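# Descriptive structure summary
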Amino acid sequence: MTALTPVRTKAETALMAQFEALRRELPKKGAALAARQGAMAAFAATGLPHRRIEAYHYTDLRNLLREAAPLAAAPTPGVGESVEAGRFLGDLGAHEIIIVNGRAMAGPGEGSALPPGVTFAVAADPTPIILDVSDAVVALNTALARETVTLKVKKGVAVDRPVHVVFIQDAAAAQAVFARLRVEVAEGARLTLLETHEAPNAVATQSNIGVEIAVGDGAHVEHVRVNAEGEQALTLSSLGLSLGRSASALSVNLATGSALARHQILARFAGEEAKLTLAGVTMLDGARHSDTTLVVDHAVPGGQSRELFKTAVDDRAVGVFQGKIIVRPHAQKTDGKMMSAALLLSEDAAMSNKPELEIFADDVQCGHGATCGTLDDNLLFYLMARGIPRREAQALLIRSFLAEAIQDVSLEGLREGLGGLIDAWLRRRGTR
Amino acid sequence: MLEIRNLHAEIEGKPILKGVSLTVKPGEVAAIMGPNGSGKSTLSYVIAGKQDYEVTQGEVLLDGEDVLALEPDERAAKGLFLAFQYPLEIPGVATMTFLKAALNAQRKKRGEDEISPGDFIRSVNRVADGLGISKEMLRRALNVGFSGGEKKRMEILQMALLEPRICVLDETDSGLDIDALRIVADGVNALRAKNRAFLVITHYQRLLSHIVPDTVHVMADGRIVTTGGAELAHELEAKGYADFASLAAQ
């Protein structure tokens, strides 16, 4: 047999060269280096995922990522002190951690500002604790993220105010940022975690962000991610969630930015009787492409999972939802329900919905649904007959459709902030 | 005020209105009665601007201006109001948000300022009290979980709030018990005014005992077949529509 030599794309070759350059800057030995090398070797073996890889079927990265932008340089001093950063959701009185170009900043976001029971550190070891380097995007993130920003909440501590991790790209030209955040919430602790991502509109930025949240036994986490990167941005993000015994978590993703976005979630039930809600709002226009792909892994009995993803697709944009619920052989009494609903707002808009169940236990309650539809003409007529112009009537209906996915966010100010982002998107739509 | 001339309309190629002509003057309450399938509801939808219907001939004039080319919201801003036979439930749209959006959209089109939050709440509360609509109902999503009677009262609330000049009521009595009918009729009667006209579409005479019309038109097979005073409604109740259906066939 002849060994196959993979033909590398320009981007794959560039990514591997970037790793070689980064490796010369980082410590020459240790577990961290081994982890990076292992991840890069995994990436080298597969290359960028393409449409024949099931999880990337609708988002062919080998084809879409033509140029790997150069790694971002250290940010301009003072960038992280900008009062505007992360404030587009309104003032939430949050504890802030500011990460510019993948590097944690000193300043207002310094770890010392965090409340008692919460610690902040920058670790060198990028080995993922939940995510898996067999996924090429996670492998690249592991190999190329300089820092693993680590946040720990001690046992039993209820963090009073939200912790807001503000990711910013300080970019004057095309650049790539790889960043990693790890959050460990110990037994019985409570945390509201907000992560926001911003990048300038004028520059073709690329980002690959990995976030891992380990929710300990009986702990409760509410997590909100907002993608507000620029109009030319290529955004790859991976979220790993693990739930201990009787833990509960809500994770909401709201996407309003990026030319190309892929958000993948791996949620694992590690302890029995845990509850998880995943929700998402994706707003697409122009020629944008956004992919949400998730796996909920019920590895133990008694878990409950709920997924509700809403997508509004306008113009020539393309939305993708792939969701898989796995129920392992011993995970009896699992209760899982998944729903993806899309609203197509133009003739050329497209949505691919692929919900899946893989059930290996016999005493479970699982279901999934997927819908693609247009606005109801009768409802539109009713609103218009009261004097509300067409665009505004559409906006009322779209808002009510999307807002269902943010209604579980318990902090009112945060829920209103997210609603404000929906309104802002609808206003932009209304003026076009 | 409202003048309909030789109006023909069809849906999916099927003719429903076959030459309707009628005039409603300022201050007048005109009733349209007729059997099921005579085209009464279609007439109300065509007046309000529903897209499903294609107007093939004729005019609908509001103060002398043909409104058939206008969008439904533009007609509303000119003072036209349709109270729906089946008001729609809109989950996720708060009733107050909807009312405010409607009121301000109409004011904006007429070049008026937005209503102040205080004035808005006072106006809604005043009208709601008269119609027995509770604060709790106003806090819900529009018409969601409302009974048939509550939905009809909500239609009248919208009508009172928006102060239209021409009110088309499409089978407002359907699904109402006697008490609800009286509340709705009182609400309508309170709005009768010299500069406001009503077109009351109904199948039964019952509603017209509470809202006494100046004129009664009888519709059959897509046309107005006869016109008379309030007494015509009583005559119909006694004799039925059979005679008029045969008139239409001539």
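Residues numbered from 1 in each chain as written. Chains lettered and ligands numbered in written order. Predicted model: local features only at pLDDT ≥ 70, side-chain atom pairs only at ≥ 80, totals over all residues. Heavy atoms only, no water.

Bringing the sheet that holds strand 11 (residues 248-255) of chain A into the picture now. Residue and element names in this part refer to chain A. What the ten strands build is an open sheet, ordered 2-1-5-7-9-11-13-15-17-19; its pairing is mixed. Strand pairing shows two members of the sheet lacking a second neighbour, strand 2 (103-104) and strand 19 (365-373), which therefore form its edges. Here strand 5 (residues 163-168) pairs with strand 7 (residues 190-198) via six bridges, running parallel. Of the residues in strand 7, the one forming a bridge with F167 is H197. Where helix 6 (residues 390-403) meets the sheet, its contacts fall on strand 13 (275-284), strand 15 (304-313) and strand 17 (335-344), and the angle it forms with strand 15 comes to roughly 155°. Helix 7 (residues 412-430) rests against strand 7, strand 9 (220-228), strand 11, strand 13 and strand 15 of the sheet, and its axis sits at about 25° to strand 13. (Pairing = 2+ DSSP bridges. Helix = DSSP H or I, 4+ residues; strand = E, 2+ residues; numbered from the N terminus. Contact = heavy atoms within 4.5 Å. Axes fitted to C-alpha atoms, helices over the stretch in contact; angles between N-to-C directions.)

Another aspect to go through is the pairing of strand 3 (residues 29-33) of chain B. Looking down a regular strand, the side chains alternate between one sheet face and the other. Residue and element names in this part refer to chain B. Extensive coverage of strand 3 is indicated by the burial of five of its five residues. Burial along strand 3 is two-sided: V29, A31 and M33 and A30 and I32, pointing in opposite directions, are all buried. Sheet analysis places strand 3 next to strand 10 (residues 197-202), joined by five bridges and oriented parallel. Considered in strand 10, the bridge of I32 is made with I201. (Buried < 20%, exposed > 50% of the residue type's maximum accessible area, 1.4 Å probe, protein only.)

What follows is about the pattern of salt bridges. This structure, assessed with the given rule, holds 35 salt bridges over all chains. Of the charged contacts in the structure, one is a salt bridge between B:E59 and B:R5, with a shortest N-O distance of 3.2 Å. Taken together, the residues B:E59 in strand 4 (residues 54-62) and B:R5 in strand 1 (residues 2-11) connect sequence positions 54 residues apart. A single network of salt bridges, built from pairs that share partners, joins A:R268, A:D297 and A:R328. (Salt bridge = Lys/Arg side-chain N within 4 Å of Asp/Glu carboxyl O.)

In this complex, chain A contributes 16 residues to the contact, which on the side of chain B involves 33 residues. Buried surface at the junction of chain A and chain B, summed over both partners, amounts to about 2,000 Å²; 68% is from carbon and sulfur atoms. The largest share of the area that chain A buries against chain B comes from A:F381, A:Y382 and A:R386, three residues that together contribute 40% of it. In this structure, the connection of chain A to chain B is made through two salt bridges. Between A:R386 and B:E155 there is a salt bridge, with the nearest N and O atoms lying 2.7 Å from each other. Counting every contact that joins chain A to chain B gives twelve residue pairs in polar contact (both at pLDDT 80 or more). Elements that contribute at least two residues to the side of chain A that touches chain B include exactly helix 5 (377-384) and helix 6 of chain A. (Buried area = accessible area lost by both parts, 1.4 Å probe. Polar contact = N/O pair within 3.5 Å; in protein donor to acceptor, adjacent residues only side chain to side chain.)

Moving on, we get to helix 5 of chain A. Within helix 5 of chain A, six of the eight residues are buried, which leaves the element mostly enclosed by the surrounding structure. Among the residues of helix 5 of chain A, those classed as buried are A:L379, A:L380, A:F381, A:Y382, A:L383 and A:M384.

A pair of packed helices is captured by two measures, namely the crossing angle of their axes and the spacing between those axes. Residue and element names in this part refer to chain B. Put simply, helix 6 (residues 148-162) and helix 7 (residues 178-191) touch, their axes get as near as 10 Å, and they point 10° apart. Judged by the inter-axis angle, helix 6 sits roughly parallel to helix 7. When helix 6 is examined against helix 7, the residues K152, R153, I156, M159 and A160 are found in contact with a partner set consisting of I183, V184, G187, V188 and L191. Split by residue class, the contact of helix 6 with helix 7 holds seven nonpolar, one polar and two charged. (Parallel < 35°, antiparallel > 145°, perpendicular 65-115°, else oblique. Nonpolar A, V, L, I, M, F, W, Y, C, P; charged D, E, K, R; others polar.)

To continue, consider the packing of aromatic side chains. For the coordinates displayed, the defined rule picks out seven aromatic pairs over all chains. Ring geometry for A:F381 versus B:F84: centroids 5.6 Å apart, planes at 55°, classification tilted. Linking A:F381 in helix 5 with B:F84 in the loop between strand 6 (80-83) and strand 7 (90-94), this pair reaches from one chain into another. With respect to class, A:F381 is no different from B:F84; both count as buried. Linked through ring pairs, A:F381, A:Y382, B:Y45, B:Y53, B:F84 and B:F98 together constitute an aromatic cluster. The ring of A:Y56 has A:R262 lying over it, and the distance from NZ or CZ to the ring centre is 3.7 Å. (Phe/Tyr/Trp six-rings, centres within 6.5 Å; stacked < 30°, edge-to-face > 60°. Lys NZ or Arg CZ within 6 Å of the ring centre and 35° of its normal.)

Residues and elements named next belong to chain A. Spatial strand order, 3-4-6-8-10-12-14-16-18: nine strands in an open sheet with mixed pairing. Looking at which strands have only one partner, the edges of the open sheet turn out to be strand 3 (118-123) and strand 18 (350-359). Sheet twist, expressed as the mean angle between neighbouring strand axes with direction ignored, is 10°. In this structure, strand 8 (residues 205-215) lies alongside strand 10 (residues 234-243), joined through ten bridges in parallel fashion. Bridge pairing in strand 10 places N208 opposite L236. Packing against the sheet, helix 4 (residues 136-144) makes contact with strand 6 (175-185), strand 8, strand 10 and strand 12 (260-269), and its axis sits at approximately 90° to strand 6.

The next thing to look at is the confidence of the model for chain A. Averaged over chain A, the pLDDT score is 93; the fraction of residues at 70 or greater is 95%. Between residues 108-112 of chain A, whose pLDDT stays under 50, and residues either more than four places distant or in other chains, the model counts ten contacts. (pLDDT = per-residue confidence, 0-100.)

This brings us to the packing of helix 1 (residues 10-25) of chain A against helix 4 of chain A. All names here are of chain A. It is the contact of helix 1 with helix 4, at a shortest axis distance of 10 Å, that shows an interaxial angle of 25°. In this view, helix 1 runs roughly parallel relative to helix 4, as classed from their interaxial angle. In this structure, helix 1 contributes L15, Q18, F19 and L22 to the contact, and helix 4 contributes L140, A143 and L144. Within the contact of helix 1 with helix 4, the residues separate by chemical class into six nonpolar, one polar and no charged.

Residue and element names in this part refer to chain B. On the secondary structure map, E150 appears in helix 6. R140 provides the closest opposite charge to the buried, salt-bridge-free E150, at an N-O distance of 4.6 Å. In this structure E150 touches M137 and G145, once residues within four positions along its chain are discounted. (Lys, Arg positive; Asp, Glu negative; His and termini not counted.)

For A:S258, which is not glycine, the phi dihedral falls at a positive 80°. As for its placement among the helices and strands, A:S258 is situated in the loop between strand 11 and strand 12. Although it is not a glycine, B:E163 sits at a positive phi angle of roughly 45°. Relative to the helices and strands, B:E163 is located in the loop between helix 6 and strand 9 (166-170). Residue classification places B:E163 among the exposed residues on the basis of a relative accessible area of 56%.

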